[in-house]
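Here is what each chain is made of, one letter per residue.
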Amino acid sequence: MAMSSPFLSRPSAIPSSLRILKSNPALGCCAAARPPSSGASLGAKADLLALIADQERGLRTQSDPRKRAEIIAAVEALGALGRGQVTTGSSLSGTWRMLWTTEKEQLFIIKNAPLFGTRTGDVLQVIDVEKRSLNNVITFPPSGVFFVRSSIDAAPPQRVNFRFTSAVLRGSNWEIPLPPFGQGWFESIYLDDDIRVAKDIRGDYLVVDRASYSWKE
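For clarity, every value in this text was computed on a predicted model and none was experimentally measured.

Focus on the environment of Ile110
Then, number 1: With respect to the helices and strands, Ile110 occurs in helix 3 (residues 104-112).
Then, number 2: Once the C-alpha coordinates of Ile110 and Val123 are considered, the two residues, 13 residues apart in sequence, prove to be 8.9 Å apart.
Then, number 3: The contact partners of Ile110, leaving out residues within four places of it in the chain, are Arg57, Leu59, Met98, Thr120 and Val123.

Focus on the packing of aromatic side chains
Then, number 1: Applying the stated criterion across every chain yields a total of 3 aromatic pairs.
Then, number 2: On the numbers, 6.4 Å between centres and 35° between planes, the contact of Phe162 with Phe186 is tilted. Residue Phe162 is located in strand 5 (residues 159-170), and its partner Phe186 is located in strand 7 (residues 183-191); the two are separated by 24 residues in the primary sequence. The two residues Phe162 and Phe186 agree in class, both being buried.
Then, number 3: Among the aromatic residues, ring-to-ring pairing joins Phe162, Phe164 and Phe186 into one connected group.
Then, number 4: Over the aromatic face of Trp185 sits the side chain of Arg159, whose NZ or CZ is 3.6 Å from the ring centroid.

As for the nonpolar core
A general trend in soluble globular proteins is that nonpolar side chains are found buried together.
Then, number 1: Judged by nonpolar contacts, the single largest core of 25 residues is most densely connected at Met98, Ile110, Ile127, Leu134, Ile152, Phe162 and Phe186.
Then, number 2: For this core, the secondary structure elements donating two or more residues are strand 1 (94-101), helix 3, strand 2 (123-128), strand 3 (133-140), strand 4 (144-155), strand 5, strand 7 and strand 9 (205-210).
Then, number 3: With 4 residues, the top contributor of residues to this core is strand 5.
Then, number 4: Membership of the second largest hydrophobic core comes to 18 residues, among which are Leu48, Ile71, Leu78 and Val197.

Digging into the confidence of the model for the protein
It should be kept in mind that the predicted coordinates are not to be read in detail where pLDDT is low.
Then, number 1: In this model, the protein carries a mean pLDDT of 86, and residues with pLDDT of at least 70 account for 83%.
Then, number 2: Note on residues 1-34: pLDDT under 50 across the span, and 123 contacts to partners over four residues away in sequence or across chains.

Examining helix 2 (residues 65-81)
Then, number 1: Counted at 1.5 Å a residue, the expected span for helix 2 with its 17 residues is 24 Å, and the 25 Å between its end C-alpha atoms agrees.
Then, number 2: Three or more residues of helix 2 are buried, namely Lys67, Ile71, Ile72, Ala74, Val75, Leu78 and Gly79. For helix 2, the arc enclosing every buried residue in end-on projection is 160°, short of the 170-degree limit, so these residues lie on one face. For helix 2, the exposed residues set more than 90 degrees away from the buried face come down to Pro65 and Arg66.
Then, number 3: Looking at the packing, one finds that the buried side of helix 2 touches helix 1 (38-52), strand 1, strand 7, strand 8 (195-200) and strand 9.

Quick word on a nonpolar patch on the surface
Then, number 1: The grouping of Leu169, Trp174, Ile176, Leu178 and Phe181 at the surface amounts to a nonpolar patch, some 400 Å² of accessible area in total.
Then, number 2: Here Trp174 is to be found in the loop between strand 5 and strand 6 (175-178).

What about the environment of Gln183?
Then, number 1: If you trace the backbone, Gln183 turns up in strand 7.
Then, number 2: For the pair formed by Gln183 and Ile152, sequence separation is 31 residues and the distance between their alpha carbons is 9.7 Å.
Then, number 3: Those residues in contact with Gln183 that lie beyond four places of it in its chain are Phe162, Arg163 and Phe164.
Then, number 4: Only 2.8 Å separates the side chain of Gln183 from the side chain of Arg163, close enough to count as a polar contact.

Some thoughts on unusual backbone geometry
Then, number 1: Cis geometry is found at the peptide bond from Pro141 to Pro142, where omega equals 10°.
Then, number 2: Tracing the backbone through its elements, the reader meets Pro142 in the loop between strand 3 and strand 4.
Then, number 3: In this structure, Pro157 follows Pro156 across a cis peptide bond, with omega equal to 15°.
Then, number 4: A positive phi is found at Glu56, a non-glycine position, where the angle reads about 50°.
Then, number 5: Position of Glu56 among the secondary structure elements: in the loop between helix 1 and helix 2.
Then, number 6: A positive phi angle, near 55°, is found at Arg132, a position not held by glycine.
Then, number 7: Structurally, the position occupied by Arg132 is in the loop between strand 2 and strand 3.

Reading the values: rules and limits
Residues numbered from 1 in each chain as written. Predicted model: local features only at pLDDT ≥ 70, side-chain atom pairs only at ≥ 80, totals over all residues. Heavy atoms only, no water. Helix = DSSP H or I, 4+ residues; strand = E, 2+ residues; numbered from the N terminus. Contact = heavy atoms within 4.5 Å. Phe/Tyr/Trp six-rings, centres within 6.5 Å; stacked < 30°, edge-to-face > 60°. Buried < 20%, exposed > 50% of the residue type's maximum accessible area, 1.4 Å probe, protein only. Lys NZ or Arg CZ within 6 Å of the ring centre and 35° of its normal. Core = buried A, V, L, I, M, F, W, Y, C linked by side-chain atoms within 4.5 Å. pLDDT = per-residue confidence, 0-100. Expected span 1.5 Å × (residues − 1). Arc of directions from axis to C-beta. Patch = residues over 30% accessible without salt bridge, like charges linked within 9 Å, V, L, I, M, F, W, Y side chains within 5 Å. Areas by Shrake-Rupley, 256 points an atom, 1.4 Å probe, with all protein chains shown as cover. Salt bridge = Lys/Arg side-chain N within 4 Å of Asp/Glu carboxyl O. Polar contact = N/O pair within 3.5 Å; in protein donor to acceptor, adjacent residues only side chain to side chain.

This is how it looks when you write it as structure tokens:
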């Protein structure tokens, strides 16, 4: 995962319902925000997922400024529908799988992993709001993984501040600890049962879906 921003395959099927975010007293969130209009949000989400479906998690977008602009416009359109949502509560917790990003460091690793005799598997953000933790994870099947641990502090309605605390590069029978390096924030500008759209302190964008499994260290 990129080292100065948080977080991150193919999009999953579009759902028939949207999540109503629950309040989280521990984070100071009051009543749940009203979810976006289902018709408008489903249409905007479908547009975004269609645009990123063939972009290889953002690799192809890097060399196509026109497509990048289209996708970012679709991201912002979905974010506009999510305006007013509280996205820092318990619904933020989970294992999120990257579908698309503009983050150059992540894309560099995805692109160049074969040079090191491996390939990049799922790229994840694993968030636990209650424990105030974030793990940014890049997997290298079958057993390799690089992950960065962070502490988080919610700043409702949509911002999460984070600070890296440690990093680990791990193989099947070895592990190399690395020092912490950096802090920042991200805002989940749209969140429902299936996907989340975020932008961060550097102006990068991230689209993730809920993974079908829970990643554990």
